[in-house]
Amino acid sequence: MQKGMRYHHIGIPTRIPREGEEYLEKFKMWVCGYETSPYGVEWIRFEQDCPLPELVKTVPHVAFAVDDLEKAIAGKNVIIKPNSPSEGVKVAFIENNGTPVEFLQFEKKVNA
């Protein structure tokens, strides 16, 4: 594992609705499980017209927290450009050996 990367979660595509799903309208997908899983397992369910790459919708991905998202994806095969699915976090996906890999950069909180 590259220096500066910290395991965050594994995302597993599913077609089964699960209790506690949160809908992300921008991506036409539901997510759940991360907050309650002791191992960082996140279940992801997609609408048929979800705009994300087929690879992300069909193959589990591993996600790493990084301090510098742009540095983490530099020179890589980016399949989802940096975006902010929720406040305080930026994410991007790359493809590596046929597998999607997600990077997350969390906004540093500044004490006022």
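Structure shown above.
Residues numbered from 1 in each chain as written. Predicted model: local features only at pLDDT ≥ 70, side-chain atom pairs only at ≥ 80, totals over all residues. Heavy atoms only, no water.

Draft legend 1. Region of the structure containing the sheet that holds strand E2 (residues 22–24). With mixed pairing, eight strands are arranged side by side in an open sheet as E2-E3-E4-E1-E5-E8-E7-E6. With one partner strand each, in any of the chains shown, E2 and strand E6 (77–86) form the two edges of the open sheet. Averaged over neighbouring strand pairs, the angle between their axes works out to 25 degrees when direction is ignored. (Pairing = 2+ DSSP bridges. Helix = DSSP H or I, 4+ residues; strand = E, 2+ residues; numbered from the N terminus. Axes fitted to C-alpha atoms, helices over the stretch in contact; angles between N-to-C directions.)

Draft legend 2. How the structure looks around unusual backbone geometry. A positive phi angle is found at Lys 28, which is not glycine, with a value near 55 degrees. With respect to the helices, strands and loops of the structure, Lys 28 is situated in the loop between E2 and strand E3 (29–32). In this structure, Asn 97 takes a positive phi of about 55 degrees despite not being glycine. Of note, Asn 97 is situated in the loop between strand E7 (89–96) and strand E8 (99–106).

Draft legend 3. A look at the layout of surface pockets. Taken as a whole, the largest pocket encloses approximately 610 Å³ of empty space. Around the largest pocket sit 27 residues that line it, and Leu 24, Val 31, Glu 42, Pro 85 and Ser 86 are the ones nearest its centre. Among the secondary structure elements, those contributing two or more residues to the lining of the largest pocket are strand E1 (6–13), E2, E3, strand E4 (41–46), E6, E7 and E8. Looking at which element gives the most residues to the lining of the largest pocket, the answer is E6, with four residues. Each pocket or cavity is described by its volume, and for the second largest pocket that value is around 260 Å³. Considering the residues around the second largest pocket, the lining is formed by Pro 13, Thr 14, Arg 15, Ile 44, Arg 45, Phe 46, Glu 47, Gln 48, Glu 54, Lys 57 and Thr 58. At the level of secondary structure, the elements contributing two or more residues to the lining of the second largest pocket comprise E4 and helix H1 (54–58). Of the residues belonging to the lining of the second largest pocket, the class tally is three nonpolar, three polar and five charged. (1 Å grid on protein atoms, 1.4 Å probe; cavity = no way out; pocket = protein on both sides within 12 Å on 5 of 7 lines; lining within 4 Å. Points joined across faces, edges and corners; volume = space filled by probe spheres on them. Nonpolar A, V, L, I, M, F, W, Y, C, P; charged D, E, K, R; others polar.)

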